[in-house]
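Given next are the chains, with one letter for each unit.
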Amino acid sequence: MADRVLLGKKSSDYGLWVSRATTEADTATDKDMLMSSTSPSVGQILLFQKIDVNASASTTLDYKNHGGVKTFMNWWLNSDYLGGGSADNYSSDGGFSSLLLTVKNEYIDSTKNRITVTNVGLSSSSIIVMIFKEAAA
């Protein structure tokens, strides 16, 4: 029976690895892993962060893309954009507020991507951004 779970040191990395059946976790390649905390996998979250943007302004944020593979973005708006409620309440808003904000996720080079948030509204706003990474080879 293969040792399919490894928690600790593998080569020069520390992490958690779970390999496919009959494959040793300590020698398996990325394509033979069901889960790896150090290699990209389906649904691996690269970034989960709050971004504030002033009224009539843009904000940019660069993040590592770990080798230039595709990334996928989801973002939520602070649903208190009209004021008077909780500053910790976020929702995926497809209505009025999303017309005031545009959020773009773009490839820069093989090491980084850039998020640009543009606010054409008359008040400051906040969003939460989550970036997912494409699976490894």
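As shown above, the structure is provided for reference.
Residues numbered from 1 in each chain as written. Predicted model: local features only at pLDDT ≥ 70, side-chain atom pairs only at ≥ 80, totals over all residues. Heavy atoms only, no water.

### Description of the pattern of salt bridges
Working step 1: Taken as a whole and judged by the stated rule, the model has three salt bridges.
Working step 2: Lys50 serves as the salt-bridge partner of Asp52, at 3.8 Å between the closest nitrogen and oxygen.
Working step 3: Asp52 sits in the partly exposed class, given a relative accessible area of 46%.
Working step 4: Classification of Lys50 as partly exposed rests on a relative accessible area of 45%.
Working step 5: Here Lys112 and Asp62 are joined by a salt bridge, their closest N and O atoms 3.7 Å apart. Separated by 50 residues along the polypeptide, Lys112 in strand 9 (residues 112-119) and Asp62 in strand 5 (residues 57-64) bring together distant segments of the chain.
Working step 6: Residue classification places Lys112 among the partly exposed residues on the basis of a relative accessible area of 29%.
Working step 7: Connected via shared salt-bridge partners are Asp62, Lys112 and Arg114. (Salt bridge = Lys/Arg side-chain N within 4 Å of Asp/Glu carboxyl O. Buried < 20%, exposed > 50% of the residue type's maximum accessible area, 1.4 Å probe, protein only. Helix = DSSP H or I, 4+ residues; strand = E, 2+ residues; numbered from the N terminus.)

### Details of the sheet that holds strand 9
Working step 1: On the basis of which strands lie adjacent, the open sheet formed by three strands has the order 5-9-8 and antiparallel pairing. The strands lining the two open edges of the sheet, one partner per strand, are strand 5 and strand 8 (101-107). Across the sheet, the mean angle separating the axes of adjacent strands is 15 degrees when strand polarity is ignored.
Working step 2: Relative to strand 9, strand 8 is paired through seven bridges, and the arrangement is antiparallel. Paired with Val103 across the bridge in strand 9 is Val117. (Pairing = 2+ DSSP bridges. Axes fitted to C-alpha atoms, helices over the stretch in contact; angles between N-to-C directions.)

### Focus on a nonpolar patch on the surface
Working step 1: A cluster of nonpolar residues, Val5, Leu7, Leu16, Leu34 and Met35, forms a patch on the protein surface that exposes about 470 Å² of accessible area.
Working step 2: If you list the elements that add at least two residues to the nonpolar patch, you get strand 1 (5-10) and strand 3 (33-36).
Working step 3: Here Leu16 lies in strand 2 (residues 13-19). (Patch = residues over 30% accessible without salt bridge, like charges linked within 9 Å, V, L, I, M, F, W, Y side chains within 5 Å. Areas by Shrake-Rupley, 256 points an atom, 1.4 Å probe, with all protein chains shown as cover.)

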